[in-house]
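Summary of the model geometry
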Amino acid sequence: RRLGGVAARRVRPSVAILGCGAVGEALAYQLGDHWEEARLRGRIGLWSRTRRHASRLARLLGRRWRYTRVELLESHAEALRASDTLLLCVSDAAVTPLAEQLAQACEDGTRSPVVLHTNGLLGADCMGALRRRGLSVGRLHPFLAVAAASPFVPSGSSFGIEGDARALRSAR
């Protein structure tokens, strides 16, 4: 399709969710359902410290969608190479160490994804190691409690966002 003499390109979003607990699961459902509604052929990569959590979620999501592809990631470092946006859905204590591990895994000249964490207490500055490597960082925190028994974020829910300009665009 052409728009104003320029060929329109269909966006193919790619998001990696690192941490497949209640928040990671809820955001994966929200993202994939949104993409399905818009008929976007997106990709969600899943990684969790406990591989069986990521495997279980991948099985559930893989049966749910037609357009959205779900993949298990072998490592958090693979997420850097394979995704436009990384969502760190891990505990408070794990955000900074995971950001530091990701920064160490950054290779010069590779893609530069946006990295967002979902923690309500920590600001984007806790991911300074990634910022020093040139990545855009921010926070995307849901303003509601997410229960493991009900992993859905209600439509119209509010989120607190913070970060540099590129991270804010990605969070929106």
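As the structure is a computational prediction, the values presented were derived from the model and not from experiment. (Residues numbered from 1 in each chain as written. Predicted model: local features only at pLDDT ≥ 70, side-chain atom pairs only at ≥ 80, totals over all residues. Heavy atoms only, no water.)

To continue, consider the side chain of histidine 76. Tracing the sequence through the fold places histidine 76 in helix α3 (residues 76-82). Classification of histidine 76 as buried rests on a relative accessible area of 16%. Setting aside residues up to four positions removed in sequence, histidine 76 forms contacts with Leu18, Trp47, Leu98, Gln101 and Leu102. (Helix = DSSP H or I, 4+ residues; strand = E, 2+ residues; numbered from the N terminus. Buried < 20%, exposed > 50% of the residue type's maximum accessible area, 1.4 Å probe, protein only. Contact = heavy atoms within 4.5 Å.)

Turning to the layout of surface pockets, a few remarks are in order. Estimates place the volume of the second largest pocket at around 270 Å³. Taken together, 14 residues form the lining of the second largest pocket, with Gly19, Arg49, Val90, Ser91 and Ala94 sitting closest to its centre. Of the residues belonging to the lining of the second largest pocket, the class tally is six nonpolar, seven polar and one charged. (1 Å grid on protein atoms, 1.4 Å probe; cavity = no way out; pocket = protein on both sides within 12 Å on 5 of 7 lines; lining within 4 Å. Points joined across faces, edges and corners; volume = space filled by probe spheres on them. Nonpolar A, V, L, I, M, F, W, Y, C, P; charged D, E, K, R; others polar.)

This structure, assessed with the given rule, holds six salt bridges. Linking arginine 56 and glutamate 25 is a salt bridge whose minimum nitrogen-to-oxygen distance equals 2.7 Å. Note that arginine 56 is positioned in helix α2 (residues 51-64) and glutamate 25 in helix α1 (residues 22-38), a separation of 31 residues in sequence. Accessibility expressed as a relative area gives 33% for arginine 56, which makes it partly exposed. Overall, the relative accessible area of 7% leaves glutamate 25 in the buried class. (Salt bridge = Lys/Arg side-chain N within 4 Å of Asp/Glu carboxyl O.)

Phi angles above zero are rare outside glycine, and arginine 39 is one such case at about 60°. The topology assignment puts arginine 39 in the loop between α1 and β4 (43-47).

Below, the discussion takes up the sheet that holds strand β7 (residues 114-117). Across the sheet, which stays open at both edges, the seven strands sit in the order β5-β4-β3-β6-β7-β8-β9 with mixed pairing between neighbours. Since the sheet does not close on itself, it has two edges, and those belong to β5 (69-72) and β9 (159-163), each with one partner. Within this sheet the neighbouring strands show an average axis-to-axis angle of 20°, counted without direction. Strand direction decides the pairing type here: β4 and β5, joined by four bridges, are parallel. In the sheet register, isoleucine 44 faces β5, and the bridge partner there is valine 70. Strands β4 and β5 of the sheet are contacted by α2, whose axis makes an angle of about 165° with β5. Its contacts with the sheet put helix α4 (residues 92-105) on β3 (14-18), β6 (85-88) and β7, and the angle it makes with β6 is roughly 150°. (Pairing = 2+ DSSP bridges. Axes fitted to C-alpha atoms, helices over the stretch in contact; angles between N-to-C directions.)

Right, let's talk about α2 for a bit. The terminal C-alpha atoms of α2, which comprises 14 residues, lie 20 Å apart, in line with the 20 Å expected from a rise of 1.5 Å per residue. Every buried residue of α2 is listed here: Ala54, Ser55, Leu57, Ala58 and Leu61. For α2, the angular spread of the buried residues around the axis is 170°, confining them to a single face. Pointing more than 90 degrees away from the buried face of α2 are the exposed residues Arg52 and Arg63. Those residues of α2 that are buried lie in contact with α1, β4 and β5. (Expected span 1.5 Å × (residues − 1). Arc of directions from axis to C-beta.)

Next up on the list: the confidence of the model for the chain. Overall, the prediction assigns the chain a mean pLDDT of 83, with 83% of residues at 70 or greater. The secondary-structure element of the chain with the lowest mean pLDDT is strand β1 (residues 2-3), recorded at 38, while β6 shows the highest, at 95. Scored below 50 in pLDDT, residues 1-10 makes nine contacts in the model with residues more than four places away or belonging to other chains. (pLDDT = per-residue confidence, 0-100.)

Along the chain, the position of asparagine 119 falls in the loop between β7 and α5 (128-132). There is a polar contact of 2.7 Å between the side chain of asparagine 119 and the backbone nitrogen of leucine 122. (Polar contact = N/O pair within 3.5 Å; in protein donor to acceptor, adjacent residues only side chain to side chain.)

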